[in-house]
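Coordinates in review
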Amino acid sequence: MRFVLNGTQVSFTGSGARRLLDVLREHPGATGTKEGCGEGECGACSVLIDGEVVNSCLVAVGQIDGCRVVTVEGLALPDGTLSPLQQAFIERGAAQCGICTPGMLLAAHALLEENPRPSEDDVRTGLAGNLCRCTGYTKIIDAVLACRT
């Protein structure tokens, strides 16, 4: 199986039934995707598959043959500098324990790609599939709103 991971063509040889989450975490430099619940409820393992936010714990790697996958590592700029969204999470204290942060960043990124000027309600809706136990969401929402264009 072949897919593009954060802009680089990769191949995987093994069972197509393996969870995408596990395959990603075993790939060098792609351990940012976290496992929270393993049941698709928390969003910690969210990745973008062809631009759509997907829980990687629910996807078999065989389903992504030929797809483009973006993990939190893929949000950084080509020189490794954090994206403005990632920087906003740091500056506003939106990243605390770090378990939900990759999924929150990817959901927020997808939202901002679709709607560059979201309202607070839009952000709440866009992040609804991601659970956080540390922040109370206010700092996360503030960070996303700070990135509106």
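All values derive from a computational prediction rather than experimental measurement. (Residues numbered from 1 in each chain as written. Predicted model: local features only at pLDDT ≥ 70, side-chain atom pairs only at ≥ 80, totals over all residues. Heavy atoms only, no water.)

To continue, consider helix α3 (residues 101-114). With 14 residues, α3 extends 20 Å between its outermost C-alpha atoms, agreeing within 8% with the 20 Å of an ideal straight helix rising 1.5 Å per residue. In terms of burial, α3 is a largely internal element, eleven of the 14 residues being buried. Of all the residues in α3, the buried ones are T101, P102, G103, M104, L105, L106, A107, A108, A110, L111 and L112. Residues of α3 that are buried sit in contact with β3 (46-49), β4 (52-55), β5 (68-70), α2 (84-91), α4 (120-126) and α5 (138-145). (Helix = DSSP H or I, 4+ residues; strand = E, 2+ residues; numbered from the N terminus. Expected span 1.5 Å × (residues − 1). Buried < 20%, exposed > 50% of the residue type's maximum accessible area, 1.4 Å probe, protein only. Contact = heavy atoms within 4.5 Å.)

The next point concerns the pattern of salt bridges. When their charged atoms lie close together, side chains carrying opposite charge are able to pair. Here the structure, examined in full by the defined rule, presents five salt bridges. One salt bridge in this structure joins R19 and D22, with 2.9 Å as the shortest N-O distance. With relative accessibility at 23%, the residue R19 sits in the partly exposed group. Since its relative accessible area comes to 25%, D22 is described here as partly exposed. The salt bridge partner of R19 is E35, with a shortest N-O separation of 3.0 Å. Here R19, found in the loop between β2 (8-11) and α1 (20-26), pairs with E35, found in the loop between α1 and β3; they are 16 residues apart in sequence, far enough to count as distant. (Salt bridge = Lys/Arg side-chain N within 4 Å of Asp/Glu carboxyl O.)

On their own, these measurements won't tell you what the molecule is for.
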